[in-house]
Structures are given as structure tokens and as C-alpha cells.
Amino acid sequence: MPTINLEQLFNVYLFSFGQKILAAVAIWIIGGIAIGMLTNLLRRAMTMRKVDPTLISYSESSLRVALRIALVMAILDVCGIQTTSFAALIAAGGVAIGVAWSGLLSNFAAGIFLVILRPFKVGDAISAGGQTGEVTEIGLFSTTMTTGDNLRVYVGNSKIFSDNLINFSANPHRRVDLKCQIANGVNPLEAIEALQKHVSKVANITTTPAPTIEILEFNAAGSLIAVRPYCNNKDYWQVYFDTNKAIAAACAEAGWPVPAVYQVAIHQNHN
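Residues numbered from 1 in each chain as written. Predicted model: local features only at pLDDT ≥ 70, side-chain atom pairs only at ≥ 80, totals over all residues. Heavy atoms only, no water.

What's the story with the side chain of Thr39 in this structure? I'm lost.
Residue placement: Thr39 occurs in helix α1 (residues 6–48). Owing to a relative accessible area of 0%, Thr39 belongs among the buried residues under this scheme. (Helix = DSSP H or I, 4+ residues; strand = E, 2+ residues; numbered from the N terminus. Buried < 20%, exposed > 50% of the residue type's maximum accessible area, 1.4 Å probe, protein only.)

This is the structure we're talking about:
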């Protein structure tokens, strides 16, 4: 029966293996500290340049992941493990994950383009992906919005990027489109003056541009008046409802009749 040389076992195997373990632990600790310093430096540099916070988060996360992978490969190399096969395995795994998670990756790519192109930012009111609301977060894979009825909605970035996008907050003011039907027999020019008097008292409408109140069309019921004040986006619904109240007040004050379509029946005597 062969004898075990403990001294040889310790010197050749255990001591060498222990050195590799200690070196791996040291590299992991020092590398982790270095990665933290580099990512913090990147964040401070991008913050000083007033880069979008979401892009800062993207860049920091990407750098951290890339450096961690490089650190693990370095530790494996120190431990004497061939990294070529691991690199091939990672590449194959990346292809498999890319096929399985194609939807998530497309959302991720779209999110990067949303941050770079910046069609909207956090706090903007938008309509995209079949939803309308205020943007509360632009994430890696989805954008979070709060709707007008206080619901939190998550929309995939790829759906937002590939669909039509309306940013209500991009311009300084927004037009409110309303209509007022005037009955036959009411002078439309006098109606416009009455509407202007009441609409001008609505809070938060802009004076430049001024409200537009004009004849839109003539129909069987009478005259259709377009009532179009302008306001800041945050005041849209308040101006919308208050303008409707102003229209109702103008009609009541003037005593205009209710618009109605009259039909005249002509009976012919065939005798």
C-alpha cells in the first residue's frame, strides 16, 4: 500500500492551492474597490456635465457589469483555469439568452435610444404605447407613467419607440378645442362677443396667443362657434371645464334658445 507524503502534499498541492485562493480573494477585494471608484468617478463626471440621470444609471450599470466580468476572468486565470472555454461558453450563453430574451433586449435597446434622443423626460405628459399620462421613470426595459385617473402604467420601451409619440409638455402652451352651437335667429357675431367676454375671465388662459372664438360652420341648427383658448399643459383640464362653464354662462345670460333642427312637412293634395 503506497504511503502518503504529507509534507509533499502540503507543499505541492495545498500550499499552492492556498496561495491561489488568497490571491483570488485579494484580487476580488481590490478589484471591487477599484470598480467602485471607477463607477463613482464616471457618475460624478457625467453629473457635472448635467447628463440625463437615466443615462448616468445606464452607463454606470454597464461599466460595472463589464468590469465585474473582466475581474472574474482575471481571477480564473490566476487560479490556473483556462478562460478560453469560459469565453466560448459565455458567448454561446449570450446567443441563447439573446434569442430567448429578444423582447427584453429590444426594450433595453429602445430604452437607450430614448435616453440618447430624449423625446421626453421625467415629468412630461405624453401619449405613447396606447397610454396617456405623466412620466415618472424611464427604466432599462420600460417607462413608468401615472395616468389621469391615478393608475401606474408600465409600457415597454420598444413599444414606445416604435409607435407614434405625443409629448404634451414639449411646447410652452396647448390649445383647448371646444364648440358652442348657436340656434337659428341668434346673430353669430353678437354671440362671439358674448363668448369672448366670459371666456376671457377663465383662469390660467394665455393672452399670447389669445383665445380664438370664430364661426366654424353653418348648419341646420344654426351657427357652430369654435371656442379655442390656450393654456399651459398642467392647466389643460381646469381650463377645459371652466371654459365649458363660461360658454354655459354666456348662453344663459343672453337667453339664447336651445338649438334644434326644425323639419317642415309639406302635404300635397293629389285630388
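I'm lost on unusual backbone geometry in this one. Help?
Across residues other than glycine, the phi torsion is negative in most instances, and most of the peptide bonds are trans. For the peptide bond that leads from Thr208 to Pro209, omega is 0°, which places it in the cis range. As for its position among the elements, Pro209 is in the loop between α6 (188–199) and β8 (212–219). Backbone geometry places Asn150, a non-glycine residue, at a positive phi of 65°. Inspection of the secondary structure assignment puts Asn150 in the loop between β3 (142–147) and β4 (152–156). Positive phi is not limited to glycine here, since Asn204 has a value of about 75°. With respect to the helices, strands and loops of the structure, Asn204 is situated in the loop between α6 and β8. Using a relative accessible area of 44% as the deciding quantity, one classes Asn204 as partly exposed.

Looking at this structure, I do not really get the pairing of strand β1 (residues 125–128). What am I missing?
On any regular strand, side chains alternate: one points to one face of the sheet, the next to the other face. Of the two faces of β1, the one lined by Ala125 and Ser127 and the one lined by Ile126 and Ala128 are each fully buried. Sheet analysis places β1 next to strand β2 (residues 131–138), joined by 4 bridges and oriented antiparallel. Across the sheet, Ala128 pairs through a bridge with Gln131, a residue of β2. Taking the residues between adjacent antiparallel strands as the criterion, β1 and β2 are bridged by 2 residues, where Gly129 takes a positive phi near 60°. Here 2 bridges tie β1 to strand β5 (residues 166–167), and the two strands are oriented antiparallel to one another. If you follow Ile126 over to β5, its bridge partner there is Asn167. (Pairing = 2+ DSSP bridges.)

What is the right way to look at a nonpolar patch on the surface in this model?
Residues Ile21, Val25, Trp28, Ile29, Ile30, Ile33, Met37 and Val72 make up a contiguous nonpolar surface patch of about 770 Å² in total accessible area. Considering each element in turn, the nonpolar patch owes the most residues, 7 residues, to α1. Mapping Met37 onto the fold places it in helix α1. When its relative accessible area of 56% is taken as the criterion, Met37 is described as exposed. (Patch = residues over 30% accessible without salt bridge, like charges linked within 9 Å, V, L, I, M, F, W, Y side chains within 5 Å. Areas by Shrake-Rupley, 256 points an atom, 1.4 Å probe, with all protein chains shown as cover. Salt bridge = Lys/Arg side-chain N within 4 Å of Asp/Glu carboxyl O.)

Looking at this model, I keep getting lost on the nonpolar core. Mind explaining?
As a rule of thumb, soluble globular proteins bury nonpolar side chains together. Ranked by internal contacts, the top residues of the largest apolar core, which has 22 residues, are Cys180, Ile182, Leu195, Ile213, Ile225 and Val227. Elements with a minimum of two residues in this core: β7 (178–183), α6, β9 (222–228) and α7 (236–254). Sequence-distant contacts of Cys180, that is, excluding residues within four places in its chain, are made with Leu195, Ser223, Leu224, Ile225, Val227, Ile247 and Cys251. Of all hydrophobic cores here, the second largest spans 12 residues; its members include Tyr58, Val115, Ile126 and Met145. (Core = buried A, V, L, I, M, F, W, Y, C linked by side-chain atoms within 4.5 Å. Contact = heavy atoms within 4.5 Å.)

On their own, these measurements won't tell you what the molecule is for.
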